[in-house]
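Here's the letter readout for the chains.
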Amino acid sequence: MFRKILIANRGEIALRVIDACKELGIATVAVYSEADRNALHVRFADEAVCIGPPRSSESYLNIPQVISAAEITNVDAIHPGYGFLSENANFAEVCEASHITFIGPSPDLLRMMGEKDQARREMAAAGVPVVPGSQGIVADEAAALAEAARIKYPVILKASAGGGGRGMRVVRAEEELPAAFATARNEAQQAFGIPDLYLEKFIERPRHIEFQVLGDKHGHVMHLGERECSIQRRHQKLIEESPSTAVNAKLRAELGARVVTALEQVGYTSAGTVEFLMDEDGSIYFIEMNARIQVEHPVTEMVTGVDLIKSQIRLATGERLNDVVGKLVLHGHAIECRINAEDPETFIPSAGHITVFRTPGGPGIRVDTAAHADAVIPPYYDSLVAKLIAYGDTRGEAIVRMRRALEMFVVEGIKTSIPLQRKIITDPDFIAGRLDTHFLDRFATSRTG
Ligand code: MV4
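Residues numbered from 1 in each chain as written. Predicted model: local features only at pLDDT ≥ 70, side-chain atom pairs only at ≥ 80, totals over all residues. Heavy atoms only, no water.

Novice: So what's going on with the sheet that holds strand 6 (residues 155-163)? Which residues, and what values?
Specialist: Strand order in the open sheet formed by three strands is 7-6-8, with antiparallel pairing between adjacent strands. Each edge of the open sheet carries a strand with a single partner, namely strand 7 (166-171) and strand 8 (197-201). Across the sheet, the mean angle separating the axes of adjacent strands is 25° when strand polarity is ignored. Against the sheet, helix 7 (residues 141-151) contacts strand 6 and strand 8, and its axis sits at roughly 15° relative to strand 8. (Pairing = 2+ DSSP bridges. Helix = DSSP H or I, 4+ residues; strand = E, 2+ residues; numbered from the N terminus. Axes fitted to C-alpha atoms, helices over the stretch in contact; angles between N-to-C directions. Contact = heavy atoms within 4.5 Å.)

This is the structure we're talking about:
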């Protein structure tokens, strides 16, 4: 087992990794920017190292600074959390070269999953249904026109180096394609330094459903069921739940088995998420893989009883999946509401000083947060201040618990998404499980955000 782990992250996920390390008897090192001097991850880690100015490009994304902190404190491993360096293949490689275990997939796997058209090809080859689309990259406008004619409109152009919704363009008719191709290529070059694009059939009003997986270093992969993440705005998820109301036991078993086979074929290790879109007929297609732990991992933890962070750490030491997880039994239903520091109407970020912070509790309630009364939410990072997770034997019980927990969650000094979450959780369509990625359009009263 590792003696000491450095956590290359901040906020609630840094605390979540510290929790896991404490339970495993592993010492922790926090890193922090000058804006996070008084943050709880600094206080609760055994050691802490300042790695630079507030801007993440100069601190949490600064590979030489993070590696120096790891070397000075003599850690065995680095947990990257989510975001920041978590899917950076170069960082994982530098860790290896410095004899520090990167708690995540290998650099090769990070590279494969980072190239979205390659991930698509690998999954298709292994028998996972993928969205009908181009064979790899569409090299030029002529190739894009030919492929789109074969796939049939509407289609969507995606950046191969993209993901998470960046660098996408919907094309509804042939005459729109040349302009869309030029802009998408430009945007991809600007945003990722790689202009490569691929094409997919555009799916209208899909549900976003994703499978959680774990892989060990001995060729074994398992899935831990799915999460429904359709309630999102501009690719920021607001509510996630497990299981999905749109997935029955048969689909879960069949698609889950295909995912496991595919990831065993590519040699996937650590935690990961395989994303799918489900169309209005219930057909489901792979779109991309996230090679990291995700914000919404707690809903899976609640319905499986598996601590995903502890599992990641144990798998990184070479333990076998059989010993870490064993046989899986899914029970009950879990829902997560993301509490962001933002105006609930306009979605404009609301950084500042929290004066009152009263978290709910009681049966079936979990709160993952690094916020507290008198904390300052800096403007430099993402706006997540807390994750409120409700668990129940049934979806109905989880909803009732979430509703009363939202009523008793009090945050003053900054604006938060709590009022919006209260509206969603009492919405008839939400309660009936009638969800798709356009669900929130009805709630967005302002278009200025
Ligand atoms: C799509 C799509 C429709 N058709 N691909 C957005 C995030 C990125 N992971 C993939 N995304 C989409 N890909 C095809 N072929 C619609 C979206 C999409 C979306 C997906 C999941 C959750 C929210 C979304 C919001 C807008 C668009």
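Now that the structure has been shown, the text picks up again.
Novice: Would you mind going over the packing of helix 13 (residues 395-407) against helix 14 (residues 418-425) in detail, with residue names and values included?
Specialist: It is at 10 Å that the axes of helix 13 and helix 14 come closest, and there the two elements cross at 150°. With respect to helix 14, the axis of helix 13 lies roughly antiparallel. Helix 14 is crossed by helix 13, and the crossing has left-handed handedness. Residues I399, M402, R403, L406 and E407 of helix 13 pack against I418, Q421, R422 and I425 of helix 14. (Parallel < 35°, antiparallel > 145°, perpendicular 65-115°, else oblique. Left-handed = near helix turned anticlockwise from the far one by under 90°.)

Novice: Quick rundown of the domain arrangement of the chain? Include the residues and the values.
Specialist: Domain annotation for the chain reports domain 1 (4-103), domain 2 (132-201) and domain 3 (207-448). Counting residues at the interface gives 30 residues for domain 1, matched by 29 residues for domain 3. Of the roughly 2,200 Å² buried between domain 1 and domain 3 on both sides combined, carbon and sulfur atoms contribute 65%. Broken down residue by residue, the surface that domain 1 buries against domain 3 is led by E12, R16 and Y82, which jointly contribute 28%. (Domains from an automatic or database assignment. Buried area = accessible area lost by both parts, 1.4 Å probe.)

Novice: Would you mind going over the site of the ligand in detail, with residue names and values included?
Specialist: Residues in contact with the ligand amount to 18 residues; listed here are only the nearest, K158, E200, K201, I203 and Q232. In the model, a nitrogen atom of the ligand is placed 2.9 Å from a nitrogen or oxygen of the K158 side chain. At 2.9 Å from a nitrogen atom of the ligand is found a side-chain nitrogen or oxygen belonging to E200. In isolation the ligand exposes 510 Å². Once the protein is present, 89% of that is buried. Elements with a minimum of two residues in the shell around the ligand: strand 6, strand 8, strand 12 (270-278) and strand 13 (284-290). Classifying every residue of the shell around the ligand by side-chain character gives seven nonpolar, six polar and five charged. Taken together, domain 2 (132-201) and domain 3 (207-448) each give at least three residues to the shell around the ligand, which thus spans both. (Near = heavy atom within 4 Å. Polar contact = N/O pair within 3.5 Å; in protein donor to acceptor, adjacent residues only side chain to side chain. Areas by Shrake-Rupley, 256 points an atom, 1.4 Å probe, with all protein chains shown as cover. Nonpolar A, V, L, I, M, F, W, Y, C, P; charged D, E, K, R; others polar.)

Novice: Requested: an account of unusual backbone geometry, with residues and values cited.
Specialist: In this structure, the amide linkage connecting Y153 to the following residue, P154, adopts the cis form with an omega of 0°. Relative to the elements of secondary structure, P154 occurs in the loop between helix 7 and strand 6. A cis amide bond links S242 to the next residue, P243, at an omega of -5°. Within the fold, P243 resides in the loop between strand 11 (236-242) and helix 9 (249-266). Positive phi outside glycine occurs at S270, with the angle close to 75°.

Novice: Mind laying out the environment of V356, listing which residues take part and the relevant values?
Specialist: Relative to the helices and strands, V356 is located in strand 16 (residues 356-358). Residue V356 is classed as partly exposed on the basis of its relative accessible area, which comes to 30%. Considered as a pair, V356 and I72 are 284 residues apart in the sequence and their alpha carbons are 38 Å apart. (Buried < 20%, exposed > 50% of the residue type's maximum accessible area, 1.4 Å probe, protein only.)

Novice: Tell me what's going on with the sheet that holds strand 9 (residues 207-215), and back it up with residues and numbers.
Specialist: A sheet is described by the order of its strands in space; here eight strands give the open sequence 13-12-9-10-11-14-19-17, paired in antiparallel fashion. In the strand order of this sheet, the two ends are held by strand 13 and strand 17 (365-369), each with one partner. Along the sheet, successive strands turn relative to each other by an average axial angle of 25°, direction set aside. The pairing of strand 17 with strand 19 (residues 384-392) spans five bridges and is classified as antiparallel. Looking across to strand 19, one finds that V367 is bridged to L388. Contacting strand 12 and strand 13, helix 6 (residues 116-125) crosses the sheet at an angle of about 125° to strand 13. Each of strand 11, strand 14 (333-340), strand 17 and strand 19 touches helix 13; the most contacted strand, strand 19, lies at about 140° to it.

Novice: Go over the pairing of strand 13, please, and point to the residues and values.
Specialist: Among the seven residues in strand 13, seven count as buried, and that is most of the element. Two elements, strand 12 and strand 13, share six bridges in a ladder whose sense is antiparallel. Looking across to strand 13, one finds that L277 is bridged to Y285. Two successive antiparallel strands, strand 12 and strand 13, enclose a turn made up of five residues, where G282 displays a positive phi of approximately 90°.

Novice: Describe in detail the pattern of salt bridges, supporting the description with residues and values.
Specialist: Tallied over the full model, the rule gives 36 salt bridges. Across the pair K158 and E200 runs a salt bridge whose closest N-O atoms are separated by 2.9 Å. Residue K158 is located in strand 6, and its partner E200 is located in strand 8; the two are separated by 42 residues in the primary sequence. Like K158, the residue E200 is buried in the burial classification. Between R401 and E397 there is a salt bridge, with the nearest N and O atoms lying 3.6 Å from each other. Pair noted here: R401 and E397 are both in helix 13, with a separation of four residues, about one helical turn. In this structure E397 comes out as partly exposed when scored by relative accessible area, which is 29%. The network of salt bridges with shared partners includes E210, R227, K237, E240, E296 and R338. (Salt bridge = Lys/Arg side-chain N within 4 Å of Asp/Glu carboxyl O.)

Novice: Describe the packing of aromatic side chains, listing the residues and the values that go with them.
Specialist: Tallied over the entire structure, the rule returns eight aromatic pairs. Seen in terms of ring centroids, F211 and F276 are 5.8 Å apart; in terms of plane orientation they differ by 75°. Their pairing is edge-to-face. Separated by 65 residues along the polypeptide, F211 in strand 9 and F276 in strand 12 bring together distant segments of the chain. F276 shares its class with F211; the two are buried. Aromatic pair F357 and F409: ring centres 5.6 Å apart, planes at 80°, arrangement edge-to-face. Separated by 52 residues along the polypeptide, F357 in strand 16 and F409 in the loop between helix 13 and strand 20 (410-412) bring together distant segments of the chain. The pair F357 / F409 is uniform in exposure class, with both members buried. The side chain of R43 reaches across the aromatic face of F44, ending 6.0 Å from its centre. (Phe/Tyr/Trp six-rings, centres within 6.5 Å; stacked < 30°, edge-to-face > 60°. Lys NZ or Arg CZ within 6 Å of the ring centre and 35° of its normal.)

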